[in-house]
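# What the coordinates show
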Amino acid sequence: MEHIVKILDKKWLTHNVMSVILEKPNDYTFTIGQAIELTIVNKGLGVKSAPFTLTSLPSWPNLELMIKIYPEHQGVTWALSQHAVNNRVCITNAWDSYEYNGPGVFIAGGSGITPFIPMIRDLNIKKALNNHKLIHANRNSKDVIVAEELKNALGKHYLNILSRERCPGHNFGRIDGNYLKQQIDDFDQNFYLCGPDAFSERIQGSLIRLGAKKEKIQIGY
């Protein structure tokens, strides 16, 4: 089912990631970790569609998306960044993307953090973030999304690793087997991975070699 909704607000979270607030249709329901397909009509680009994870909680009055903008692609993210507040877009009912299966380690590359943000928000409200860890890989410190919120929620269990910049408070390098061994004590737990396909596949392979069970590693859509 499709719904026509209004853009209520937009703001830049980083130099290339935007928060978009959409009105929530009456009786619209979703669960944490689900995604939607968003369609936008742009005069210059025609009709464009793409999937996005909902970062809002089901109890919120509106819907939130955190979207990385790719101007060079001239696609839906760029068109959405140009779309004015109060303009309308089309969204589908929510569909399954990630499912929370219990305590474990979230490992994200760049904007791949978005499926995990509502999970962490919900667990934080429930005071249930013990035995969880987040490892977030980015190129530079300016790329890190909602760092203060995640740091406040997870404390020392929130780890940032940068591949192109040495910066206080961040690890430097890439997530590989050696890094995972340094940061994770128990590989018999849940792992949640999200990022570019090559990123997720590479880390999944490293985790399995270190003893993680493939059935406990979730990559999502």
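Since the structure is predicted, the reported quantities are computational estimates derived from the model, not experimental observations. (Residues numbered from 1 in each chain as written. Predicted model: local features only at pLDDT ≥ 70, side-chain atom pairs only at ≥ 80, totals over all residues. Heavy atoms only, no water.)

## Concerning the overall build of the protein
For clarity, the threshold we go by: Strands are runs of DSSP state E lasting at least two residues, helices are runs of H or I lasting at least four, and both sets are numbered from the N terminus onward. Only C-alpha atoms enter the radius of gyration, while the globule expectation follows 2.2 Å times N to the 0.38, with N the number of residues. Only protein chains enter the accessibility calculation, which uses a 1.4 Å probe; a residue whose area is less than 20% of its type maximum is buried, one above 50% is exposed, and one in between is partly exposed. We call two residues in contact whenever any of their non-hydrogen atoms come within 4.5 Å of each other. What sets the accessible areas is the Shrake-Rupley method with a 1.4 Å probe; for residues, cover comes only from the shown protein chains. We score Asp and Glu as negative and Lys and Arg as positive, and we do not count His or the chain ends. One atom stands in for each charge, and that atom is NZ of Lys, CZ of Arg, CG of Asp or CD of Glu.
When you go through the protein residue by residue, the secondary structure sums to five helices and 12 strands. Expected size for 221 residues packed as a compact globule is a radius of gyration near 17 Å; at 18 Å, the protein falls within 12% of this value. For the protein, the spread of C-alpha atoms along the principal axes amounts to about 50 × 35 × 30 Å. Out of the 221 residues in the protein, the part that is buried amounts to 52%. Counted over contacts in the protein with a minimum sequence separation of 6, partners at least 24 positions apart contribute 66%. Put simply, the protein shows about 11,200 Å² of open surface, and 47% of that area lies on carbon and sulfur atoms. A gap of 5 Å separates the mean positions of the 25 positive and 21 negative side-chain charges of the protein.

## Section: the side chain of Asn 138
To be explicit about the condition: A 3.5 Å cut-off defines polar contacts: any pair of N or O atoms within that distance qualifies, except that in protein one atom must be a possible hydrogen donor and the other a possible acceptor, and neighbouring residues in sequence count only when both atoms are side-chain atoms.
Among the structural elements, Asn 138 can be located in strand β8 (residues 133-138). There is a polar contact of 3.4 Å between the side chain of Asn 138 and the side chain of His 136. With near-sequence residues (within four places) excluded, Asn 138 lies in contact with Gly 110, Asp 143, Val 144, Asn 160, Ile 161, Leu 162 and Ser 163.

## Things to note about the environment of Met 119
Position of Met 119 among the secondary structure elements: in helix α2 (residues 116-125). You can call Met 119 buried: its relative accessible area is 2%. Excluding residues that lie within four positions of it along the chain, Met 119 makes contacts with Ile 32, Gly 33, Tyr 98, Glu 99, Tyr 100 and Phe 106.

## A look at the sheet that holds strand β9 (residues 158-162)
The following threshold applies: If DSSP finds at least two bridges between two strands, the strands pair. Lines fitted to C-alpha atoms define the axes, with helix axes restricted to the stretch in contact, and inter-axis angles between N-to-C directions lie between 0 and 180 degrees.
A sheet is described by the order of its strands in space; here six strands give the open sequence β10-β9-β8-β7-β11-β12, paired in parallel fashion. Both outer strands of the open sheet, β10 (171-172) and β12 (217-218), are each paired with one neighbouring strand and no more. Pairing of β8 with β9 involves five bridges; the strand directions are parallel. Residue pairing in the sheet places Ile 135 in a bridge with Leu 159 of β9. Contacting β8 and β9, helix α3 (residues 147-154) crosses the sheet at an angle of about 140° to β9. Docked against the sheet, helix α5 (residues 197-209) engages β7 (104-109), β8, β11 (190-194) and β12, running at close to 160° with respect to β11.

## Thoughts on the packing of α2 against α3
Basically, it comes down to this: Oblique is the label for any angle not covered by the other classes, which are roughly parallel (under 35 degrees), roughly antiparallel (over 145) and roughly perpendicular (65 to 115). Left-handed describes a crossing in which the near helix is turned anticlockwise from the far one by less than a right angle; the clockwise case is right-handed. For this scheme, ten residues count as nonpolar: Ala, Val, Leu, Ile, Met, Phe, Trp, Tyr, Cys and Pro. Four count as charged, namely Asp, Glu, Lys and Arg, and the remainder, Gly too, count as polar.
Where α2 contacts α3, the two axes come as close as 10 Å, and the packing angle between them is 40°. It follows from the interaxial angle that α2 and α3 lie oblique. The crossing of α2 and α3 is left-handed. Contacts from Ile 120, Arg 121 and Asn 124 in α2 reach Glu 149, Leu 150, Ala 153 and Leu 154 in α3. For the contact of α2 with α3, the per-class residue count stands at four nonpolar, one polar and two charged.

## Remarks on a positive patch on the surface
Cut-off, in case you're wondering: Nonpolar side chains (Val, Leu, Ile, Met, Phe, Trp, Tyr) are joined into patches within 5 Å and like charges within 9 Å, using only residues with over 30% relative accessible area and no salt bridge. A pairing counts as a salt bridge when a side-chain nitrogen of Lys or Arg comes within 4 Å of a carboxyl oxygen of Asp or Glu.
On the surface, a cluster of positive charge is contributed by Arg 139, Arg 164, Arg 174 and Arg 202. Along the chain, Arg 164 turns up in the loop between β9 and β10.

## Details of the environment of Asn 140
Take Asn 140: it is sitting in the loop between β8 and α3. Measuring from C-alpha to C-alpha, the distance between Asn 140 and Arg 166 comes to 8.3 Å, with 26 residues separating the pair along the chain. If sequence neighbours within four positions are ignored, Asn 140 has contacts with Leu 162, Arg 164 and Glu 165.

## Some points on the side chain of Thr 77
Within the element layout of this structure, Thr 77 appears in helix α1 (residues 76-82). Beyond its immediate stretch of four places on either side in the chain, Thr 77 contacts Phe 52, Ile 67, Lys 68, Ile 69 and Tyr 70.

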